[in-house]
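Below, each chain spelled out in residue letters.
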Amino acid sequence: MTHLFNLRRTLTRGLFAAAAVCCLPASAWAQEWPTRPVKIVIGLAAGSAGDTVARSMAPHLEALWRQPVIVENRPGANMVIATEYVARATDNHTLILGTLSSLLPKYTTKNLRFDPVTDLVPIYRVINYQLVIATNAKTAQRAKTLKEVATLSEANPLFLSGTGRTSIFNLAMALVNQTVNVKYSEIDYGSVPAMNLALMRNDTQLMVNTPGSIKGQLDSGELVALAVINAERYPNLPNVPSLREVGGYTGFIPTSWAGFFGPKGLPTPIVDRIGRDVLTVLSDAEFKKQLETRVTGTVLRSSPAEFAREYQEEARVWQRLFNTLNLMPE
């Protein structure tokens, strides 16, 4: 009898302990997160601006989380491969540093097996990148401005380096070209470095990219920036005209950005914890300055709620634009 009584008492204590754990406030167990290495997935190849952002932040997040932070590149299919992988993750330790190209397949890709708007949880919009329209030195010898490039293309159709019709690079040029009217055909490459190399080899004659990705080539003169995709000139590129200067462009000016997302179902306390920790890392003035210089962008102050609002609004804007451009899913 004594043995049965002790066994019953032990089982009862175990059940009470389990119940106590289950009833802990969500904020309490979120404080224990992460309990294993955290994976940050990048839908771009190594060397891209997003890869640079993730790898720059990883050591600082490791220090806060006391767990390894692994950056994993899964390029391909205009970020669909990486985005779907994270959207299906269930371990609470897999994130993506997504971009606008994570969203756009919703409107451009038939039979998409996930919804980038509903299957991802926005956590923190990290940075807005600068964008430039660039050509190579050989083309610049014949056409020194974007207007002259448009004139050149009338008799000599040009090729545009891209990374896919749903990428910010291709779409930004398509939108801008409603005004500047360059005659070009797209050639898409599997990575940003391959896209850059094609332009340097004169396999293509035009490209939209972040100035940080081609800074060395811009400095050496191998590549030439024709215009910045912005209403005003960038302070770090004072000699490159704005989009409105070169063509009187008054339409929607696309913005390239990077931000952290988790899969749908990631508990809100964990989302909030990640958001706070990313803010802590980006609040370091020296790190912020270094990151902005390396990838030529503007580091942002954000939050899960703010990023979610921006993401939903941008989805509506792009949906309207795709309808206007009559771009149908393929």
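Residues numbered from 1 in each chain as written. Predicted model: local features only at pLDDT ≥ 70, side-chain atom pairs only at ≥ 80, totals over all residues. Heavy atoms only, no water.

A. View of the pairing of strand E10 (residues 256-263). Taking burial as the measure, the eight residues of E10 include eight buried ones, the bulk of the element. Bridging between strand E3 (residues 94-99) and E10 involves four bridges; their strand directions are antiparallel. For Leu97, the partnering residue across the bridge sits in E10 and is Phe260. Bridge count between strand E4 (residues 120-129) and E10: eight bridges; the pairing is antiparallel. The partner of Tyr129 across the bridge, within E10, is Ser256. (Buried < 20%, exposed > 50% of the residue type's maximum accessible area, 1.4 Å probe, protein only. Helix = DSSP H or I, 4+ residues; strand = E, 2+ residues; numbered from the N terminus. Pairing = 2+ DSSP bridges.)

B. Spotlight on the environment of Asn236. When you line up the elements, Asn236 lands in the loop between strand E9 (223-228) and helix H12 (243-247). Residues Asn236 and Thr293, spaced 57 residues apart in sequence, show a C-alpha to C-alpha distance of 9.1 Å. If we skip the residues at most four places from it in the chain, Asn236 touches Gln130 and Thr296. At a separation of 2.9 Å, a polar atom in the side chain of Asn236 contacts the side chain of Gln130. (Contact = heavy atoms within 4.5 Å. Polar contact = N/O pair within 3.5 Å; in protein donor to acceptor, adjacent residues only side chain to side chain.)

C. Layout of the pattern of salt bridges. For the structure on display, the rule yields 16 salt bridges. Between Asp51 and Arg55 there is a salt bridge, with the nearest N and O atoms lying 2.8 Å from each other. Of this pair, Asp51 and Arg55 both sit in helix H3 (residues 49-65), four residues apart, which is roughly one turn of that helix. Judged by relative accessible area, which is 5%, Asp51 ranks as buried. Since its relative accessible area comes to 39%, Arg55 is described here as partly exposed. In this structure, Asp219 engages Lys215 in a salt bridge whose closest nitrogen and oxygen atoms are separated by 2.8 Å. Taken as a pair, Asp219 and Lys215 lie in helix H11 (residues 215-220) at a separation of four residues, close to a single helical turn. We classify Lys215 as partly exposed; its relative accessible area is 47%. One continuous salt-bridge network, built from bridges that share partners, spans Lys39, Glu72 and Arg74. (Salt bridge = Lys/Arg side-chain N within 4 Å of Asp/Glu carboxyl O.)

D. Up close: the packing of H3 against helix H13 (residues 268-282). Two elements in contact, H3 and H13, have axes separated by 10 Å at closest approach and are oriented at 120 degrees. Our classification of the angle between H3 and H13 gives oblique. Note on packing geometry: the crossing formed by H3 with H13 is right-handed. Note on element contacts: H13 touches H3 through Arg273, Ile274, Asp277, Val278, Thr280, Val281 and Leu282, opposite Met57, His60, Leu61, Leu64 and Trp65. Residues of the contact of H3 with H13, tallied by class, amount to eight nonpolar, two polar and two charged. (Axes fitted to C-alpha atoms, helices over the stretch in contact; angles between N-to-C directions. Parallel < 35°, antiparallel > 145°, perpendicular 65-115°, else oblique. Left-handed = near helix turned anticlockwise from the far one by under 90°. Nonpolar A, V, L, I, M, F, W, Y, C, P; charged D, E, K, R; others polar.)

E. Quick look at the nonpolar core. Core analysis: the biggest nonpolar cluster contains 64 residues, and Ile133, Met173, Val182, Leu206, Val208, Ile229 and Trp318 have the highest contact counts within it. For this core, the element with the highest residue contribution is helix H9 (residues 168-180), accounting for eight residues. Leaving out residues up to four positions away in the same chain, Val182 has contacts with Leu146, Val149, Ala150, Ser153, Leu158, Met173, Asn177 and Leu206. The next biggest cluster of nonpolar side chains, apart from the first, holds 33 residues, and it includes Met57, Tyr124, Leu282 and Phe287. (Core = buried A, V, L, I, M, F, W, Y, C linked by side-chain atoms within 4.5 Å.)

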